[in-house]
Every structure is written in structure tokens, then in C-alpha cells.
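# Overview (structure and organization)
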Amino acid sequence: MFDQVMSAALVGIEALPVRVEADVSDGLPGFSMVGSLGPQVKEAGDRVRTALRNVGLALPPRRITINISPADVRKEGTRFDLPIALAILLSEAALPKTALEGVMVLGELSLDGRINGVPGVLASVMAARDAGCRLCLVPADNAVEAAIVTEIPSAGVATLKEAVALLKGESAPAPLPQPALPSEMGPLADMSDIRGQDSVKQAAVLAAAGFHNLMMCGPPGSGKSMLARRLVTILPTLSREERLEITKIYSAAGLLAPDHPVITDRPFRSPHHTASDRAMTGGGAVPRPGEITLAHRGVLFLDEMPEFSRNALEVLRQPLEDREITISRVAGTYHYPASFLLLGAMNPCPCGYYPDRQRCSCRPEMVRRYEERISRPLLDRFDLFVYTQAVGYEDLMKTGREGTTSAQLRARVEKARQIQERRFAGSPIFFNAEIPASRLEEFCPLTEGASALLERAFHRMGLTGRAVHRILRVARTAADLEEEAVIGKSHMEDALFYRLKEAGER
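The paragraphs below set out a description of the structure included in this document. (Residues numbered from 1 in each chain as written. Predicted model: local features only at pLDDT ≥ 70, side-chain atom pairs only at ≥ 80, totals over all residues. Heavy atoms only, no water.)

## Re the overall build of the protein chain
- Scanning the protein chain from terminus to terminus reveals 21 helices and 18 strands.
- Out of the 506 residues belonging to the protein chain, those deemed buried represent 53%.
- Counted over contacts in the protein chain with a minimum sequence separation of 6, partners at least 24 positions apart contribute 74%.
- For the protein chain, the accessible surface area stands at approximately 21900 Å², while carbon and sulfur atoms represent 51% of it.
- Each charge class in the protein chain was averaged separately, 60 positive and 62 negative side chains, and the resulting centres sit 3 Å apart. (Helix = DSSP H or I, 4+ residues; strand = E, 2+ residues; numbered from the N terminus. Buried < 20%, exposed > 50% of the residue type's maximum accessible area, 1.4 Å probe, protein only. Contact = heavy atoms within 4.5 Å. Areas by Shrake-Rupley, 256 points an atom, 1.4 Å probe, with all protein chains shown as cover. Lys, Arg positive; Asp, Glu negative; His and termini not counted. Charge placed at Lys NZ, Arg CZ, Asp CG, Glu CD.)

## Side note on the pairing of strand β8 (residues 135-139)
- Counted residue by residue, β8 has five buried out of five residues, so it is predominantly covered.
- Pairing of strand β5 (residues 103-105) with β8 involves three bridges; the strand directions are parallel. Residue pairing for β8: Val103 is matched across the bridge by Leu135.
- With four bridges connecting them, β8 and strand β9 (residues 154-157) associate as parallel partners. Residue pairing for β9: Leu137 is matched across the bridge by Ala155. (Pairing = 2+ DSSP bridges.)

## A word on unusual backbone geometry
- Following Ser69, the chain continues to Pro70 via a peptide bond in cis, the omega torsion being 5°.
- Among the structural elements, Pro70 can be located in the loop between β4 (63-69) and α3 (81-91).
- In this model, Tyr354 is joined to Pro355 through a cis peptide bond whose omega is 10°.
- Looking at the element boundaries, Pro355 is found in the loop between β17 (341-346) and α14 (364-371).
- The backbone of Arg297 sits at a positive phi, close to 65°, despite the residue not being glycine.

## A word on the layout of surface pockets
- Counted as a void, the largest pocket has a volume near 420 Å³.
- Residue lining of the largest pocket: 23 residues in total, with Glu321, Asp322, Arg323, Ala433 and Glu434 positioned closest to the centre.
- For the lining of the largest pocket, the secondary structure elements donating two or more residues are α9 (240-252), α13 (317-322) and α20 (465-481).
- A per-element tally of the lining of the largest pocket places α20 first, with four residues.
- Lining the second largest pocket are 15 residues; nearest its centre among them are Leu10, Glu76, Pro119, Ala252 and Val286.
- When residues of the lining of the second largest pocket are traced back to their parent elements, those giving at least two are β13 (288-289) and β16 (332-337).
- Looking at the lining of the second largest pocket residue by residue, the class counts come to eight nonpolar, four polar and three charged. (1 Å grid on protein atoms, 1.4 Å probe; cavity = no way out; pocket = protein on both sides within 12 Å on 5 of 7 lines; lining within 4 Å. Points joined across faces, edges and corners; volume = space filled by probe spheres on them. Nonpolar A, V, L, I, M, F, W, Y, C, P; charged D, E, K, R; others polar.)

## Focus: the pattern of salt bridges
- Within the structure shown, the criterion is met by 31 salt bridges.
- Residue Glu14 is joined to Lys248 by a salt bridge in which the shortest nitrogen-to-oxygen separation is 3.2 Å. Here Glu14, found in strand β2 (residues 14-25), pairs with Lys248, found in helix α9; they are 234 residues apart in sequence, far enough to count as distant.
- A salt bridge links Arg230 to Asp193; the nearest nitrogen and oxygen atoms lie 3.3 Å apart. (Salt bridge = Lys/Arg side-chain N within 4 Å of Asp/Glu carboxyl O.)

## Describing the packing of aromatic side chains
- The full count for this structure, using the stated rule, is five aromatic pairs.
- On the numbers, 4.3 Å between centres and 15° between planes, the contact of Phe211 with Phe431 is stacked. Within this pair, whereas Phe211 is found in the loop between α7 (198-210) and β10 (214-217), its partner Phe431 is found in the loop between α17 (406-423) and α18 (440-443), the two being separated by 220 residues in sequence. You'll find Phe211 and Phe431 in the same group, each marked buried.
- With 6.0 Å between their ring centres and 35° between their planes, Phe268 and Phe301 make a pair best called tilted. Taken together, the residues Phe268 in strand β11 (residues 268-269) and Phe301 in strand β14 (residues 299-302) connect sequence positions 33 residues apart.
- In this structure, Arg417 packs its charged tip against the face of Phe431, placed 4.5 Å from the ring centre.
- One residue, Arg423, lies across the ring of Phe424, its end atom 5.5 Å from the ring centre. (Phe/Tyr/Trp six-rings, centres within 6.5 Å; stacked < 30°, edge-to-face > 60°. Lys NZ or Arg CZ within 6 Å of the ring centre and 35° of its normal.)

## Considerations on the packing of helix α4 (residues 121-131) against α9
- In the contact formed by α4 and α9, the axes pass within 7 Å of each other and the chain directions differ by 120°. As the angle between them shows, α4 and α9 are arranged oblique. Here Val121, Leu122, Ala123 and Met126 of α4 lie close against α9, whose contacting residues are Leu244, Thr247, Lys248 and Ser251.
- Among the residues making up the contact of α4 with α9, the classes are represented as five nonpolar, two polar and one charged. (Axes fitted to C-alpha atoms, helices over the stretch in contact; angles between N-to-C directions. Parallel < 35°, antiparallel > 145°, perpendicular 65-115°, else oblique.)

## Considerations on α9
- End to end, α9 covers 18 Å across 13 residues, agreeing with the expected 18 Å (1.5 Å per residue, within 8%).
- Most of α9 is tucked away: 10 of the 13 residues are buried.
- All of the buried residues in α9 are Glu242, Arg243, Leu244, Ile246, Thr247, Lys248, Ile249, Tyr250, Ser251 and Ala252.
- Positive backbone phi, approximately 70°, marks Gly254, located one or two places after α9. (Expected span 1.5 Å × (residues − 1).)

## A short note on the nonpolar core
- Met216, Leu343 and Met492 are the most contacted members of the largest nonpolar core, which totals 57 residues.
- With nine residues, α20 is the single largest residue contributor to this core.
- Grouped together as the second largest cluster of nonpolar side chains are 44 residues, Ala22, Val24, Ile115 and Leu167 included. (Core = buried A, V, L, I, M, F, W, Y, C linked by side-chain atoms within 4.5 Å.)

Everything listed here is a matter of geometry and, on its own, says nothing about what the molecule does.
Structure, rendered in C-alpha cells:
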């Protein structure tokens, strides 16, 4: 007897619907599986047979052939255990023939019949919704994750017996728990903790409002890491679309917490400087998302940036422009999103105190070699450059918080974000930093004063075309923060001020 069950294969962070076909026939007893299968999928035969036997559904001594179609898609992982078991039960007439029509099934089987959670459930449920399925049958461990997609009902099952009873109509699906609401930033870290550094705070606001890449340079203890940790407290709230996008990435990577399976805050990734280029981009025989993709719609903070290997830094260049990573393998090509805010921090020299000659003994060639650890093409992809100053004793010993708080700065950022939402409605653009070069003229109108200032800066500073485009995007954000439709001279001055920092440092 031949029957089939719908499931989904994970390709990168996307899910592709597949058919799990089972044929149970007379002949020499055996269990064979075909369909471009990875080693974990091939092991499913032993798990399925043992699980069925241990729940009292032992298979007769017949020939069983399993095909997972289409064969040109590589299938990996343990997510096909449950659909294989149910397809066999359909072929054995242990389930009604119509029980699994329009139902997508996912789940790993333990030998005692328990159903374990699997990665990539969110993407699979979204694929089921797009394919017109009527129900998704998922592990109970993934029920909250599946409930994020409200357009299609899902049912969480904990055991194979529970799944069979549900499909026979002998029990009703348990109510799905509701996903958590977006969280609020805690009070422990706040921008008002930072003493002085007004220009640095303003750069942070520009970076957060338009998602512009920011480089901080300064001596040790000048607050670079402190500001980086507080930047997330002023980032705009995630939209529902962004939450789904980020949660899908973390689901595919298997990084969702069981007690909090919905990403509600923007990611903040801070890899150690020993991270390899593969750790940054993602890799492996079956590529998993790397640090760049895990920072999507959030912040990728590279502290002590010159200490990273040259390869690990240079792989950032392409995703910073394309906002996507493409990884090619023999089994297929994987596309990962990579739209993130790159936040870099570095010392001005190996000892960290240049140009203070009372504390720095680095020779000029040492300083130059240290700076050149970050290539000019990569530096050119930063929109904002700031120099952090060492904090004086009096400022350091002040108690309590002072100055503008994170809540106040975040309110300004949110207003700018709302302006961008209206501007980019109906397009794939989220932030000003993502405006393509072909549409800068449309979205970045200039006053005569701003245009003349940019032209003078182009000739005097020797700016590249890429640098001009980035200056225009920053100026657009500066105007949004002041709720101005046209970029004025003061907005262009702000954008150029943070380019002049870079020109001065180099």
C-alpha cells in the first residue's frame, strides 16, 4: 500500500514543502529510504521501527520503502521521523486515509515514542501556510513557536500515541500557549550612565535611528564598550515582521530558548576577536547561520576590531553592501539575510594611548601598521566615526545618573523610525542605511546650501562615490531626527562631521 504525508525540509533559514512517501508491500522484509538523505535522516528507520514497537504498533515483517520527494533537495536532521512513522501507519490502514490530507508534520522520535522538538519550525509553519495546508502537527516543545503564525492552526503533540489519537479524532488538540509580548528594556543599563561624550551619544542616536555603521576609536577605559552595550537601549522596537524574520533565523539555528521561543528584542552579537571567517559568515557541510546573520536587524559589535583576523574582517564587506550572504555547497546554495548595524571599537595604537606621548611609546610605523589591520575598503563602509575621550576624575566620581536618558533618546529614535516607515511603505527598505544608490535622489532631496557643502567636501576630502552615498544617508537620518522633509545645510554638516573624524584618524 502506498501513502504520503507532507513535511518540510530546511534549506538555509527557509523551509521547502516535501512529500514523505511510504510503500508497504509483500516481499523480503526490509526498510529502505531514498531521496537525497543526510546521515541523520537515514538513521530514522531504526528510530521509527523501535518507537512504533514500544508504543504497541509493531510493524509486520514486510518490505517498507520510504521516499522523501523531491529528490534534488538535500534533507538533513531528524524532523522527518514523525512524518515517516505516520506515513507507514497510513499504509498499514492504522489511520484513516483522510486524516493527514492538508496536514504538515514535523518531529523527532525517541525510542520510547516521545516526540522531541526540532529546529526551523517557524519557517516550516510559514511554508505550510503558503502551501494552503489546513493544520500543522508539531512537537509540543515547539508549540509556542508555531503559534506565532496565526493564519494557520497548529497542534502540539508530546508522544506518538497522542499524535495517533488526535488524527483518529479520539482527542482534541491542546490549546496552544500564546507567544510572549515584546519585552521592555531593563533599567540596569542607560545612556545617562555615560559621562560627557556628547558627540559620541549623538553619533549613537544617528546610528540607531538610521541603522548606520559606527566606528569608535579611543584609549582604553574611555567608554567604548560601555556605549556599545547601551546602544541597544535606544534602538527602535521590533515590528511584527522583523520579529518573525529574526525568530525564523534563530529557529533554524536551533538557538531559541524553550521558555522564550520568540525573539522580542533586537539581537546584540559580540563575537570574540578569535572568531574565524566561517564563524562570522556561517558554514559547515550543511551551513548554519553565522554571527553576521544572527545579528540581522540588530547590532554586530566587534570590540578590539584590529585584533580580528584579516579574513574574518574582510568577509564583512560583501554583506555590508548586499545585506545578504550567499554560501555555495555541493548540496546547494544557501542565502542568509544580513542587514545589521556594524559597531566597531578600536584603540588608536597597540598600547592604546596615542597621541599622548607621556603614556604612548609606539613608533609611527607601529601606529600605521596597527591602523592598517582594518583595510581601507572596510573602513569606507562605516557611516560614522567618533573619537572617545578619556573621562576625567571629577566626572568619573560623580554619583547618580545625569544627562539624557535612554528612554528620552529612544523616543527621538522611534519618531525617526516612524518617518522612515511611512517613507518606505510598500518597499523592502526598513532604514535609511538601506536606501539603494539608485533611489538616493528620490529619498534625499537637498537644499542648495546642503548640495554646495557636499560638493566642496567631495573635492577637499577626496571622497569616494560610496562615501558620498553614505553621507547622504546619514544626512537623511539627521533630517528625520529633526522631522525635516528636505536635507538642510545643518544636517549635511552633522553627516560630514562624523566623516571628518575618520579623515583625521587616518
